[in-house]
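What the coordinates show
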Amino acid sequence: MPNAFSTDFTKNKKYIDQLFQVDKSFDLIYRVVTIGGRTSCFYFIDGFCKDEVMEKIMEYLYAITPDQMPADAHAFLKDQLPYGEIDLVADEEGLIQRVLSGVPILVIDGYDKFLAMDFRTYPARGVDEPEKDKVMRGSKDGFVETLVYNTALIRRRIRSPQLVMEMNTVGRSSRTDVVITYMSDRVEQKMLQDIKDRLNKIDIDALTMNQESLAECLYQHKWYNPFPKFKFTERPDTTAASILEGSIVILVDTSPSAMILPTSVFDIIEDADDYYFPPVTGTYLRLSRILINILAVLLTPTFLLLFDNPQWIPDSLSFIQITDPINIPVFLQLLILEFAIDGLRLASLNTPSMFSTPLSVVAGIVLGDYTVSSGWFNSEIMLYMAFVAVANYTQVSFELGYALKFMRLILICTTAAFGIYGYIGGILLTIICIVCNKTISGKSYIYPLLPFNYNQFMRRFCRVSLPKSEKQR
């Protein structure tokens, strides 16, 4: 069928019924009515319509007389429909997009265009504080799976006409709504155009894993570099702050988080609590987080190196040596515990809430007591691995946490195999993976260290007060 629809109601209805297989899908409903003496039909998906709004519109449409019917759909929309969110559909692609996204369609005999009335509603949970991005102070709302709610949470914080939200559709089958959000007067235009071009070139059947599928399509980086290229957050305040700083935010329908880009490693380490406390406290929290993450990578490899070379241990630190019998090599103990911690994490994710406390108790007793007393692990190894496990939760990015974990595993293996040379080589490899990484815009992953920018350096490492120019902005 050509892009332009027919003015014959029977032909239009038959075409739509075949296109959407109305006779097979129980949730795709149509209702034939008479409007102004003309046969008409509503098409909508059950569960996506606001019944009270549809009832009001139907009351108004039933009151239209034949002599009030305009000659075309545009005039009908302008003169006879008081509802605000209405659009005309003139081709098949627009019809499929609107109907399957839940927008009711009105087909009227004699009109070659259909009327899309957007009074849909989606099942949604409350905008409660996200479980992962909790803060001690600050707002307690978070993104949900409904896209329009997420854009409203951002609009509530940025009341500027420069805030732009562009809608796109990705996926031949899923037709997922994707929104690009930015400040038109602060964003880097070249980077923005590059992101738009990449988004338009995506040819994929469906975003099966929503944001992760989109991220892999936008930036197909080398798989062996585990450091994340995007920052994900479920907090509207963090998202709004990033937009005001000139970043681009991508929102995907059915995903309760925002994708922020471009992103450096220091952007990922930042936390909302850094800004909800005074500058001194915020600086302490940020520097503590950076130091703890560095220690999480180096602690166990350093202990393994000193264990293999006890002559390097100063007398003041002689207490770190293992005095109990060692039944399993320290290297294997470290690797087993690394995998055991991930196993416990996966088990906690799949454990019902009512059983989470018993799981924690059993895991604590078994790993913390019985494994040491039975001779499987030494208490010193358990202590250091406990610190590593806790340190992984000092920053909210799971992607960065696992990237540091992979670097730690490589460092443990190289240290066990080559001693001090493997230890130094593992550290150099970690530094190379970070320094040689690039953001999606092609800039340095460790900016403002490379290239060095003093003002940005102070803002990244120290929670300084805002300059006067930003306070007045």
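Read on for a plain summary of the structure. Bear in mind that the values here come from a model prediction, so they are computed numbers and not experimental data.

A short note on the overall build of the chain
Helix and strand content of the chain: 17 helices and 10 strands. For 473 residues, the compact-globule estimate of 2.2 N^0.38 gives 23 Å, and the C-alpha radius of gyration of the chain, at 29 Å, exceeds that figure by more than 25%. Principal-axis analysis of the C-alpha atoms gives the chain an extent of 100 × 55 × 40 Å. Counting over 473 residues, the chain shows a buried share of 45%. The contacts of the chain with a sequence gap of at least 6 include a subset with a gap of at least 24, amounting to 64%. In the chain, which carries 45 positive and 54 negative side-chain charges, the distance between the mean positions of the two groups comes to 6 Å.

Topic: the sheet that holds strand 1 (residues 28-35)
Pairing is antiparallel in the open sheet, where five strands are placed in the order 1-2-4-5-3. For this open sheet the edge positions go to strand 1 and strand 3 (86-89), each flanked by a neighbour on one side alone. Averaged over all pairs of adjacent strands, the angle between their axes in this sheet comes to 25°, without regard to strand direction. Here two bridges tie strand 4 (residues 105-108) to strand 5 (residues 114-117), and the two strands are oriented antiparallel to one another. Pairing of Leu106 across the sheet is with Leu115, part of strand 5. Here helix 4 (residues 92-100) sits on the sheet in contact with strand 2 (38-45), strand 3, strand 4 and strand 5, set at roughly 140° to strand 3.

Remarks on the sheet that holds strand 7 (residues 176-183)
Ordered by their spatial adjacency, five strands build an open sheet running 6-7-9-10-8, and the pairing between neighbours is antiparallel. Each having just a single partner strand, strand 6 (163-170) and strand 8 (231-233) make up the two edges of the open sheet. Recorded for the sheet is a direction-independent mean angle of 25° between the axes of neighbouring strands. Judged from the three bridges that link them, strand 8 and strand 10 (residues 258-261) form a sheet pairing that is antiparallel. Each bridged residue has a counterpart across the sheet, and for Thr233 the counterpart in strand 10 is Ala258.

Rules used throughout
Residues numbered from 1 in each chain as written. Predicted model: local features only at pLDDT ≥ 70, side-chain atom pairs only at ≥ 80, totals over all residues. Heavy atoms only, no water. Helix = DSSP H or I, 4+ residues; strand = E, 2+ residues; numbered from the N terminus. Rg over C-alpha atoms; globule rule 2.2 N^0.38 Å. Buried < 20%, exposed > 50% of the residue type's maximum accessible area, 1.4 Å probe, protein only. Contact = heavy atoms within 4.5 Å. Lys, Arg positive; Asp, Glu negative; His and termini not counted. Charge placed at Lys NZ, Arg CZ, Asp CG, Glu CD. Pairing = 2+ DSSP bridges. Axes fitted to C-alpha atoms, helices over the stretch in contact; angles between N-to-C directions.

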